[in-house]
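# Observations on the model geometry
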Amino acid sequence: MSKLFTPITLKSIEVKNRIVMAPMAQYSTGRDGISREWHLVHYATRAVGGAGLIIVEATAVEPRGRITDHDLGIWSDEHVPGLKRIVDSVHAHGSKIGIQIAHAGRKSLSKESNPVAPSPIAFDKDFRVPEELSRAEIEKIKGAFAQAASRAHRAGFDMIEVHAAHGYLINEFLSPVTNKRSDEYGGGPEGRVRFLREVLTEVRKKWLEEKPLSVRISAVDTAMELDEMIEIISLLKDRCVDIWHVSSGGISPRKVTAHPAYQVPYSEKIRKTLGVKTIAVGLITTPELAEEVIEKGSSDMVALGRELLRNPYWPLTAASKLGVDLDWPKQYEVAKI
Ligand SMILES: Cc1cc2nc3c(=O)[nH]c(=O)nc-3n(C[C@H](O)[C@H](O)[C@H](O)COP(=O)(O)O)c2cc1C
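Computed from a predicted structure; not experimentally measured.

Here we come to the pattern of salt bridges. Counted by the stated rule, this structure contains 29 salt bridges. Between Arg64 and Glu137 there is a salt bridge; the shortest N-O distance is 2.6 Å. One end of the pair, Arg64, is in the loop between strand S4 (53–60) and strand S5 (72–73); the other, Glu137, is in helix H3 (residues 135–155), with 73 residues separating them in the sequence. Exposure remark for Glu137: the relative accessible area of 24% places this residue in the partly exposed category. Put simply, Glu228 and Arg192 hold a salt bridge, and the shortest N to O gap is 2.8 Å. With Glu228 in helix H7 (residues 226–236) and Arg192 in helix H5 (residues 189–192), the pair connects residues that are 36 residues apart, well separated along the chain.

Structure representation (structure tokens):
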């Protein structure tokens, strides 16, 4: 009996299986951040392919929080209709859908604004030195996350994921490499976690209590061991976070060597130590491996990135390989294996 294909309940949302489409930036908007035909087709196709939960790519809460000038945006009401079309289409094809709300911080390459960060330290020589955020600016960005949550609600999303990983703004507050502040937003774990905690509080004010909230984290990094991240999560555990999406790296240019399921042990330790729900991600490409991760209790869900770019129908074919008799879209039944 496959565990990968059993439903999971996240607050009021029931997801039909444990397969998540990982957020993957498409860099395919105009400078307005409004979604295009590409996004609609791209996400709806993965719903047709059977992924239980689709997480829309990093979507900027303010223009200077874009990674590039072609990122999706959610900083204006003008973004809502396009996002709603994506949500409606994914729902029509039987999947749930979340959105990753994000701020790129010092890793923004936008040509239209200067990057900002907790401290004025550049990512590397190819990046600009960011402006250090004042208290007033921090308040403004917290407000931008709250507005983004309100728009995500209006667009009909089932889940919000706050992007606190990969060396972007929230991660920059969490990491001692990028956060050298001497005010209450810096120092030890309590200080460095403050920005994320306040963002979550603001987001929750606009995001219904009964809807799930995910946080994506980099569990380990150049200067952060897993135990420190576990301490940080334990400081936030009661902040209405329903699931932790466990990734790694990104705070410094140093690359990690990846192998199949390389981040799964982080998810497992976080899940088992803290008793929280997790999504595991990173080079999980075969049905057998995905099944094993869930079966062993290493995570509650598994996210696939590049494998779903290669094969949007991966969940349908994975079910067949695991001996699960899924209903395929009737138009494709003739191809069922
Ligand atoms: C094209 C591309 C874009 C990505 N964009 C994002 C993003 O917007 N937000 C994010 O948290 N991770 C992003 N990632 C990382 C993926 O979500 C995922 O964690 C990573 O690809 C590892 O999973 P995989 O081995 O299944 O591809 C991106 C990855 C790719 C390949």
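Below, the discussion takes up the pairing of strand S10 (residues 213–218). The element S10 is largely enclosed, with a buried count of six among its six residues. The alternating pattern of S10 places Leu213, Val215 and Ile217 on one face and Ser214, Arg216 and Ser218 on the opposite face, and all of these are buried. Judged from the five bridges that link them, strand S9 (residues 159–164) and S10 form a sheet pairing that is parallel. By the bridge assignment for S10, Glu161 is matched with Ser214. Across five bridges, S10 lies against strand S11 (residues 243–247) in parallel orientation. The residue of S11 that forms the bridge with Ile217 is Val246.

Attention shifts here to the packing of aromatic side chains. Aromatic ring pairs are reported here in terms of the distance separating the ring centres and the angle at which the planes meet. Summed over the entire model, instances satisfying the criterion amount to four aromatic pairs. A centroid spacing of 5.0 Å and a plane angle of 75 degrees characterise the contact between Phe123 and Phe127, whose relative ring orientation is edge-to-face. One exposure class covers both Phe123 and Phe127, and it is buried. Taking 5.8 Å as the distance between ring centres and 80 degrees as the angle between the ring planes, the aromatic pair formed by Tyr313 and Tyr332 counts as edge-to-face.

In the region of the ligand, 15 residues are neighbours, and Pro23, Ala25, Arg216, Leu283 and Arg306 sit closest. Within the backbone of Pro23, an N or O atom sits 2.8 Å from an oxygen atom of the ligand. For the ligand, an oxygen atom lies 3.1 Å from a polar atom in the backbone of Ala58. Within the complex, the protein chains bury 82% of what would otherwise be the 600 Å² of accessible surface of the ligand. Along the lines of polarity and charge, the residues of the shell around the ligand split into eight nonpolar, five polar and two charged.

Our next topic: the nonpolar core. In this structure, Ile101, Phe157, Ile160, Val162 and Ile270 are the most contacted members of the largest nonpolar core, which totals 79 residues. If you tally residues by element for this core, the top one is H3, at eight residues. Counting 14 residues, the second-largest nonpolar core is a separate cluster that includes Ile8, Val15, Val20 and Ala22.

On a regular strand, one side chain projects to one face of the sheet and the next to the other, so that they alternate. Neither face of strand S13 (residues 301–304) is exposed, since Met301 and Ala303 on one face and Val302 and Leu304 on the opposite face are all buried. Bridge count for strand S12 (residues 278–281) against S13 is three bridges, and the pairing is parallel. Counted as the bridge partner of Ala280 is Val302 from S13. Running through helix H9 (residues 287–295), the crossover from S12 to the neighbouring parallel element S13 is right-handed.

On to H3, then. With 21 residues, H3 should reach 30 Å at 1.5 Å per residue; the first-to-last C-alpha distance of 30 Å fits that figure. Buried residues along H3 sit in contact with helix H2 (80–92), strand S6 (96–102), strand S7 (116–117), S9, helix H4 (169–174) and helix H6 (194–206). Just downstream of H3, Gly156 is the residue with a positive phi angle, here 95 degrees.

Here Thr29 is to be found in the loop between strand S3 (19–21) and helix H1 (37–48). The exposure class assigned to Thr29 is buried, which follows from its relative accessible area of 4%. Among the polar contacts made by the side chain of Thr29, one reaches the main-chain carbonyl oxygen of Asp71 at a distance of 3.0 Å. Those residues in contact with Thr29, other than ones at most four positions away along the chain, are Ile34, Arg36, His39, Asp69, His70, Asp71 and Leu72.

Before going further, it helps to examine helix H11 (residues 314–321). Counted residue by residue, H11 has six buried out of eight residues, so it is predominantly covered. If you follow the buried residues of H11, they end up packed against S3, H1, H9, S13 and helix H10 (306–310). Among the residues trailing H11, Gly323 stands out with phi positive, at a value near 75 degrees.

Procedures and definitions
Residues numbered from 1 in each chain as written. Predicted model: local features only at pLDDT ≥ 70, side-chain atom pairs only at ≥ 80, totals over all residues. Heavy atoms only, no water. Salt bridge = Lys/Arg side-chain N within 4 Å of Asp/Glu carboxyl O. Helix = DSSP H or I, 4+ residues; strand = E, 2+ residues; numbered from the N terminus. Buried < 20%, exposed > 50% of the residue type's maximum accessible area, 1.4 Å probe, protein only. Pairing = 2+ DSSP bridges. Phe/Tyr/Trp six-rings, centres within 6.5 Å; stacked < 30°, edge-to-face > 60°. Near = heavy atom within 4 Å. Polar contact = N/O pair within 3.5 Å; in protein donor to acceptor, adjacent residues only side chain to side chain. Areas by Shrake-Rupley, 256 points an atom, 1.4 Å probe, with all protein chains shown as cover. Nonpolar A, V, L, I, M, F, W, Y, C, P; charged D, E, K, R; others polar. Core = buried A, V, L, I, M, F, W, Y, C linked by side-chain atoms within 4.5 Å. Right-handed = clockwise from strand over helix to strand, strands pointing away. Expected span 1.5 Å × (residues − 1). Contact = heavy atoms within 4.5 Å.

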